[in-house]
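# Observations on the three-dimensional arrangement
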Amino acid sequence: MFLQTPTSELGVSLPGHSPMPSIPVSRSNATTGATTPLVRRMCASPVRMADLAALLLALGVTFFSSILPAGRNFSEVLALRVPLQTLLLCAALLATWRLTFWVCGLHQPRLNRTPGSFLWRVPVTVAVCALPLLPVLVLTHGSIPEVLRSAFVFWFTGTTLFFATRAAYYSYDAYVSPSFRQQRNVLVIGTGPRARAMTLALSNHSEYRYMLAGFVDSEPQNDCGDLGPVLGTVQELEQLLMRQPIDEVLIALPMKSRFSEIQDVMSACGSAGVQTQYSLDLFNTAIAKHHGIDESTGARVVEMVHNDQRLYLKSALDRIFAFLGVVLLSPVFLAIAVAIKLESKGPVFFVQKRWGRNKRTFGMFKFRSMVVDAEARMAELEKHNELGGPMFKMKNDPRVTRVGNFIRKTSLDELPQLLNVLLGDMSLVGPRPLPTRDVERFSDPWAMRRFSVKPGITGLWQVSGRSNTDFDQTIQLDLRYIDRWSLLLDAKILFRTFAAVVKRSGAY
């Protein structure tokens, strides 16, 4: 139904083309007077905290520069105790400096339309921050020359640190960050001038390296013919999302004349769990978890799954516990490996191609529990499938070895998937990764939304009957987990997993 063509990389400049300035797609365009994405990131909370830390460091340098020349050595200075009054003074200064930042507009994007605006705003802001120190310096030093010298040391050190922080940030953003950008496959809906402008704007995205899969349009135009292929119509979008690994859909259709098609696109993306971008905030979907503005394209982003800071914590915990699990269970790994080799010839591990997040495939590790030619004998056993639907399950599978029967019932065959968690392909908790054989039998687009999150070793299916549930119940459990996900839910599932393993419920 769709053409299989190589993707075009938007992470590099496309020769002979540049974004069309006549179409106000990106709000970060400097020609419109708006602030750039880099400037907006420079005004974020991490930079504000770094500026406060820089002023505290400048204050320390000022203190040491006035103490050391007085005849005290460095060890004597370090032995000095900090009185409570000094700590209260520092707290008051932090509050005053934070207010000064706001008054001077140092961290307000609308007042810093270009990076060059910091050239004069930084030294002025640091100078104003030095004013509250003058009364303290007068009381401690007495002489005006010493007061002015200490004030200059504070201003010079603070200004230097401010500029050094920004220079480091700019250098990282320009030369280091692009090397670590994540790859995302994007599908563009529309082929007109707006589609061209929004597609080209993705080449400068700060976080992702976009790969253009192609365009979808029921009324193709010639504006995007040199950027990529037209893969089909809007009516064919659901099937396309089912079979190709698309991370994001960019909607660039004219609003008035194609309104109903845009609604169809939003519905299809919601069913498949694929993130979308569109230029105006006019649509709602019950599945969407978050709305935001993409800084590079100026488009509205609709995320169909949870995507916030908790995922970073989840990923860190996954790797920590997976590493501990591999270390602590290494004697068990060794014992199972020996048992498998003693019973039958063949490898210890069985590596199977499975579908993971956003329909990306990876090799999933398991202890081999079947004979070596188990995959070749699959076709003759299809008629004995006891689960129903695309997934295959059989209680008395003749391909299972004696050792394999034991490790499958005790779920020990799943232990090598801790390695997949360490590699980042899987999580401890999530929908189970399915083999290609099962996925190719999917007929309903809504079932593909289970691939919008990282797969897991255990999940709601494992603690709700496992193989005793049918295919539709399994998918519904996966979608319920995606919609209601939280770190607390993961903890509950892990706790219930231990009970399910001990009871061996539904394991075969």
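Rules of the game
Residues numbered from 1 in each chain as written. Predicted model: local features only at pLDDT ≥ 70, side-chain atom pairs only at ≥ 80, totals over all residues. Heavy atoms only, no water. Pairing = 2+ DSSP bridges. Helix = DSSP H or I, 4+ residues; strand = E, 2+ residues; numbered from the N terminus. Buried < 20%, exposed > 50% of the residue type's maximum accessible area, 1.4 Å probe, protein only. Polar contact = N/O pair within 3.5 Å; in protein donor to acceptor, adjacent residues only side chain to side chain. Core = buried A, V, L, I, M, F, W, Y, C linked by side-chain atoms within 4.5 Å. Contact = heavy atoms within 4.5 Å. Patch = residues over 30% accessible without salt bridge, like charges linked within 9 Å, V, L, I, M, F, W, Y side chains within 5 Å. Areas by Shrake-Rupley, 256 points an atom, 1.4 Å probe, with all protein chains shown as cover. Salt bridge = Lys/Arg side-chain N within 4 Å of Asp/Glu carboxyl O.

As a further point, take the sheet that holds strand S10 (residues 361-367). Here we have three strands laid out as an open sheet, ordered S10-S9-S12, and antiparallel in their pairing. Two strands in the sheet have a free side with no partner beyond their single neighbour: S10 and strand S12 (434-435).

Locating Ser452 in the fold gives a position in the loop between helix H16 (436-439) and strand S13 (456-458). Residue Ser452 is classed as buried on the basis of its relative accessible area of 3%. Polar side-chain contacts of Ser452 include one of 2.6 Å to the backbone oxygen of Arg449.

The next thing to look at is the nonpolar core. One finds Phe442, Met448, Phe451, Tyr481 and Ile493 to be the most contacted residues of the largest nonpolar core, which totals 29 residues. Of all the secondary-structure elements, those providing two or more residues to this core are S10, helix H15 (417-423), strand S11 (427-429), helix H17 (471-483) and helix H18 (487-503). Looking at this core element by element, the count peaks at six residues for H17. Filtering out sequence-adjacent residues up to four positions away, Phe451 remains in contact with Trp355, Gly356, Arg357, Asn358, Lys359, Leu434, Val439 and Phe442. Formed by 24 residues, the second largest nonpolar core is a distinct cluster that contains Trp97, Val126, Val147 and Phe162.

Moving on to a nonpolar patch on the surface. Nonpolar side chains collect at one region of the surface, where Leu313, Leu317, Ile320, Phe321, Phe323, Leu324, Val327 and Leu328 lie side by side and expose about 770 Å² of accessible area between them. Accessibility expressed as a relative area gives 44% for Leu313, which makes it partly exposed.

Next up on the list: unusual backbone geometry. A positive phi angle is found at Lys359, which is not glycine, with a value near 65°. Following the sequence through the fold, Lys359 ends up in the loop between strand S9 (349-355) and S10. A positive phi angle is found at Ser411, which is not glycine, with a value near 65°. Mapped onto the elements, Ser411 comes out in the loop between helix H14 (402-409) and H15.

Counting through the fold element by element, Leu423 comes out in helix H15. The exposure class of Leu423 is exposed, given its relative accessible area of 57%. In this structure the C-alpha to C-alpha distance between Leu423 and Arg319, which are 104 residues apart in sequence, comes to 8.4 Å. Ignoring any residue separated from it by four or fewer positions in sequence, one finds Leu423 in contact with Arg319 and Phe365.

Mapped onto the secondary structure, Trp155 falls in helix H7 (residues 144-176). When its relative accessible area of 29% is taken as the criterion, Trp155 is described as partly exposed. Filtering out sequence-adjacent residues up to four positions away, Trp155 remains in contact with Pro123, Val126 and Ala127.

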